[in-house]
Amino acid sequence: MKYVLIVAILLFGFNFKIKAQYKAPFAIIQDKDGYVNVRQNPSIKSPIIGKIYNNQVFEDLSQFGSNSNNWIYISYGNNYDKKTQKFEEKSGYLYIDRILFLQKLPQLKRKIIDKNNVEFFDNEVHLKLNFGTFDVKSHRITKDNNDIVINIDNETPWGIDGILPENLTEIKSIKLIYKNKEFLFPRKSLLGLFQPNIDNMYVSMNNDTFFIVMSNSDAGGAYNIVWTVYKETIINRFINRDF
């Protein structure tokens, strides 16, 4: 059986106290044609501005389909402007009838080992996530004229809002073990991702597809990220902000 792993990470608040789990409004679609159209406005007559494909993660900005007339307003990616160094969100309207919300799908069991390690598992899949302190001396930090961090190791930093706080935490490793085969996420795919929060994670599954959802960082540093991994290869990465 082939497995697709989709890792979704939302980053809002660094806090290891156990509390109620944050349920992010992420969703996917399942359609016999393999995709659905994203509209500029909530109407079938509105111009098509994009497409969402089966198992492509997006965020419901209207909070679980609460918009009128069975249309929801979604964020499904971003465009990065190199000149302004800002992200412009891709957003539009999607009809609700083919949407599956991740928090309503079956979930893997979770085991918190300690503040830096958490695991998710079922009979065939085992995911291990490890976090740790960011070592400034071992990374290349680029700042602008106002002393704002704009790049770390040539990657856009997420979760810090331009400043490197003390005891900054990063994602050290993500490992997938399936049928005794191990896949370790490439280090480059983890660079620039800060303030992971063990308290707010869950893993949902849709047949052979798995979704890891986390919630970390806070305020201006909050962001969302989704990895799509297929056959031991990361084939897509979704990043957006929901504020």
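Quick notes on the overall build of the protein
Phase 1 of the analysis: What the protein contains, in helices and strands, is 0 helices and 19 strands.
Phase 2 of the analysis: Out of the 243 residues belonging to the protein, those deemed buried represent 46%.
Phase 3 of the analysis: A fraction of 64% describes how many contacts in the protein between residues 6 or more apart in sequence connect residues 24 or more apart.
Phase 4 of the analysis: About 12,600 Å² of surface is accessible on the protein, with carbon and sulfur atoms providing 48% of the total.

Remarks on the environment of Leu193
Phase 1 of the analysis: Position of Leu193 relative to the elements: it lies in the loop between β15 (181–184) and β16 (201–206).
Phase 2 of the analysis: For the pair formed by Leu193 and Thr169, sequence separation is 24 residues and the distance between their alpha carbons is 8.8 Å.
Phase 3 of the analysis: If near-sequence neighbours (up to four positions away) are discounted, Leu193 is found in contact with Trp158, Thr169, Glu170, Ile171, Tyr223, Ile225 and Trp227.

Digging into the side chain of Asn151
Phase 1 of the analysis: Tracing the backbone shows Asn151 in strand β13 (residues 149–152).
Phase 2 of the analysis: Leaving out residues up to four positions away in the same chain, Asn151 has contacts with Arg140, Ile141, Thr142, Thr156 and Pro157.

Quick look at unusual backbone geometry
Phase 1 of the analysis: You will see that Asp147, though not glycine, has its phi angle at about 65°, which is positive.
Phase 2 of the analysis: By the element assignment, Asp147 lies in the loop between β12 (141–143) and β13.
Phase 3 of the analysis: Despite not being glycine, Asn167 shows a phi value in the positive range, around 60°.
Phase 4 of the analysis: For Asn167, a relative accessible area of 61% translates into the label exposed.

Remarks on the sheet that holds strand β9 (residues 109–114)
One key point about sheets: their strands pair by backbone hydrogen bonds, in either a parallel or an antiparallel sense.
Phase 1 of the analysis: With antiparallel pairing, the 5 strands of this open sheet are ordered in space as β9-β10-β11-β14-β15. Looking at the sheet topology across the chains shown, the edges are occupied by β9 and β15. Pairs of neighbouring strands in the sheet enclose a mean axial angle of 20°, with direction left out of account.

Here we look at the pattern of salt bridges
Phase 1 of the analysis: In this structure the tally under the stated criterion is 8 salt bridges.
Phase 2 of the analysis: The partner of Lys188 in a salt bridge is Glu155, and the shortest N-O contact between them spans 2.7 Å. Placement of the pair is Lys188 in the loop between β15 and β16 and Glu155 in the loop between β13 and β14 (169–178), with a sequence separation of 33 residues.
Phase 3 of the analysis: Judged by its relative accessible area of 15%, Glu155 is buried.
Phase 4 of the analysis: Here Glu182 makes a salt bridge to Lys175, at a shortest N to O gap of 3.6 Å.
Phase 5 of the analysis: Residue classification places Lys175 among the partly exposed residues on the basis of a relative accessible area of 25%.
Phase 6 of the analysis: What you see here is one network of salt bridges that share partners, running through Asp31, Asp97 and Arg98.

Some thoughts on the side chain of Glu170
Phase 1 of the analysis: With respect to the element layout, Glu170 can be found in strand β14.
Phase 2 of the analysis: In terms of polar contacts, Glu170 uses its side chain to reach the side chain of Lys172, at 2.8 Å.
Phase 3 of the analysis: Side chain to side chain, Glu170 and Arg187 meet in a polar contact 3.2 Å long.
Phase 4 of the analysis: If sequence neighbours within four positions are ignored, Glu170 has contacts with Phe131, Gly132, Thr133, Phe134, His139, Arg187, Leu193, Phe194 and Pro196.

Some remarks on the nonpolar core
Phase 1 of the analysis: Residues Phe120, Leu127, Phe131 and Trp227 are the most contacted members of the largest nonpolar core, which totals 27 residues.
Phase 2 of the analysis: Counting 12 residues, the second-largest nonpolar core is a separate cluster that includes Ile29, Val38, Ile74 and Phe101.

Rules used in this analysis
Along every chain, residues carry numbers that run from 1 in the direction the sequence is written. The predicted origin of the model limits local features to residues at a pLDDT of at least 70 and limits the giving and counting of side-chain atom pairs to 80 or more, whereas totals for whole chains, interfaces and linings rest on all residues. As a convention, hydrogens and water are excluded, and side-chain values are obtained from all of the structure's heavy atoms. Only DSSP runs of H or I covering at least 4 residues are called helices, and only runs of E covering at least 2 are called strands; the numbering of each starts at the N terminus. Each residue gets one of three labels from its accessible area relative to the maximum for its type: buried under 20%, exposed over 50%, partly exposed in between, using a 1.4 Å probe on protein chains only. Note on contacts: a residue pair qualifies if any of its non-hydrogen atoms lie within 4.5 Å across the two residues. Only the protein chains shown count as covering a residue, and every accessible area follows the Shrake-Rupley method with a 1.4 Å probe. When DSSP finds two or more bridges between a pair of strands, those strands are recorded as paired. Every axis corresponds to a line fitted to the C-alpha atoms, with the helix fit spanning only the stretch in contact, and the corresponding angles, defined between N-to-C directions, vary from 0 to 180 degrees. Take a side-chain nitrogen of Lys or Arg and a carboxyl oxygen of Asp or Glu: if they are within 4 Å of each other, that pair is a salt bridge. Here a polar contact is recorded for every N or O atom pair within 3.5 Å, except that within protein the pair must consist of a potential hydrogen donor and a potential acceptor, and residues adjacent in sequence are included only if both atoms are side-chain atoms. Throughout, nonpolar core names a set of buried Ala, Val, Leu, Ile, Met, Phe, Trp, Tyr and Cys residues whose side chains join them through atoms within 4.5 Å.

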